[in-house]
Amino acid sequence: VQLQASGGGLVQAGGSLRLSCAASGRTFSNQAMGWFRQAPGKEREFVAAITWSGGNTLYGGSVKGRFTILRDNAENTVYLQMNSLRPEDTAVYYCAARSARYIVTMATEYDYWGQGTQVTVSS
């Protein structure tokens, strides 16, 4: 599976961005997908995940209520809609896929990773 993340950029606090992750290769619809982020000097942090059907989602505590993860299996794409952005959301955001249908929060449980897209939120 190859993952290509896009949609990052510079935005003011309170603004919104929508990240996309396009998947190619192996069957996309059978895989749970996740988003993680990593700020300079910090460990990789779980942001959100979605099951293969899209019926179940999970969010990290710092983004719950502000971010929404969505997937379109017909387009082999997963999205992260980010609203009410804060300066502390500044990080490189990575999408990831795991060879299982169920969602988990540990980065080590994901088998495939995209290259990352930079999100910068100014105050």
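From a predicted model like this one, the values you see are computed outputs, not experimental measurements.

Glancing now at the overall build of the protein chain. If you tally the helices and strands in the protein chain, you get zero helices and 11 strands. On C-alpha atoms alone, the protein chain measures out to a radius of gyration of 13 Å, which is about the 14 Å that the 2.2 N^0.38 rule sets for 123 residues. Dimensions along the principal axes, computed over C-alpha positions, put the protein chain at roughly 40 × 25 × 25 Å. By the burial criterion, 41% of the 123 residues in the protein chain qualify as buried. Restricting the contact set of the protein chain to residue pairs at least 6 apart, pairs at least 24 apart contribute 58%.

This paragraph deals with the pattern of salt bridges. Following the criterion strictly, the structure yields four salt bridges and no others. Between Glu109 and Arg98 there is a salt bridge; the shortest N-O distance is 3.7 Å. Here Glu109 is found in the loop between strand 9 (91–98) and strand 10 (112–113), whereas its partner Arg98 is found in strand 9, with 11 residues between them in sequence. Among the ionic contacts, a cluster of salt bridges with common partners joins Arg37, Glu45, Arg66 and Asp89.

Within a regular strand, side chains alternate between the sheet's two faces. Burial runs high along strand 9: seven of the eight residues are buried. Bridge analysis of strand 4 (residues 32–38) against strand 9 gives seven bridges, and the strand direction is antiparallel. Bridge assignment links Gly34 to a residue of strand 9, and that residue is Ala96. Of the pairings in the sheet, the one linking strand 9 to strand 11 (residues 117–122) comprises three bridges and is antiparallel in character. Bridge assignment links Tyr93 to a residue of strand 11, and that residue is Thr117. Two strands pair when backbone bridges link them, and strand 9 and strand 10 are joined in this way by two bridges, in the antiparallel orientation. Along strand 10, the bridge assignment pairs Ala97 with Tyr112.

A word on the nonpolar core. Grouped together as the largest cluster of nonpolar side chains are 28 residues, with contacts concentrated most on Trp35, Leu80, Met82 and Tyr93. Elements with a minimum of two residues in this core: strand 1 (2–6), strand 3 (17–24), strand 4, strand 5 (45–50), strand 7 (67–72), strand 8 (77–82), strand 9 and strand 11. With residues up to four places along the chain from it excluded, the contact list for Leu80 reads Leu17, Arg18, Leu19, Trp35, Val47, Ala48, Phe67, Thr68, Ile69 and Tyr93. One finds Phe36, Phe46, Ala96 and Tyr110 within the second-largest nonpolar core, a separate group that totals seven residues.

Next up on the list: the sheet that holds strand 8. Paired through their backbone hydrogen bonds, the strands of a sheet run either parallel or antiparallel. Strand order in the open sheet made by the four strands is 1-3-8-7, with antiparallel pairing throughout. The open sheet has two edge strands, strand 1 and strand 7, and neither has a second partner. Averaged over all pairs of adjacent strands, the angle between their axes in this sheet comes to 15°, without regard to strand direction. Of the pairings in the sheet, the one linking strand 7 to strand 8 comprises six bridges and is antiparallel in character. In the sheet register, Arg71 faces strand 8, and the bridge partner there is Val78.

On to the environment of Glu45. By secondary structure assignment, the location of Glu45 is in strand 5. Sequence separation between Glu45 and Thr105 is 60 residues; the distance between their C-alpha atoms is 8.8 Å. When near neighbours in sequence (up to four residues on either side) are disregarded, Glu45 contacts Trp35, Phe36, Arg37 and Ser62. A polar contact is formed between the side chain of Glu45 and the side chain of Ser62, at a distance of 3.2 Å.

Parameters at a glance
Residues numbered from 1 in each chain as written. Predicted model: local features only at pLDDT ≥ 70, side-chain atom pairs only at ≥ 80, totals over all residues. Heavy atoms only, no water. Helix = DSSP H or I, 4+ residues; strand = E, 2+ residues; numbered from the N terminus. Rg over C-alpha atoms; globule rule 2.2 N^0.38 Å. Buried < 20%, exposed > 50% of the residue type's maximum accessible area, 1.4 Å probe, protein only. Contact = heavy atoms within 4.5 Å. Salt bridge = Lys/Arg side-chain N within 4 Å of Asp/Glu carboxyl O. Pairing = 2+ DSSP bridges. Core = buried A, V, L, I, M, F, W, Y, C linked by side-chain atoms within 4.5 Å. Axes fitted to C-alpha atoms, helices over the stretch in contact; angles between N-to-C directions. Polar contact = N/O pair within 3.5 Å; in protein donor to acceptor, adjacent residues only side chain to side chain.

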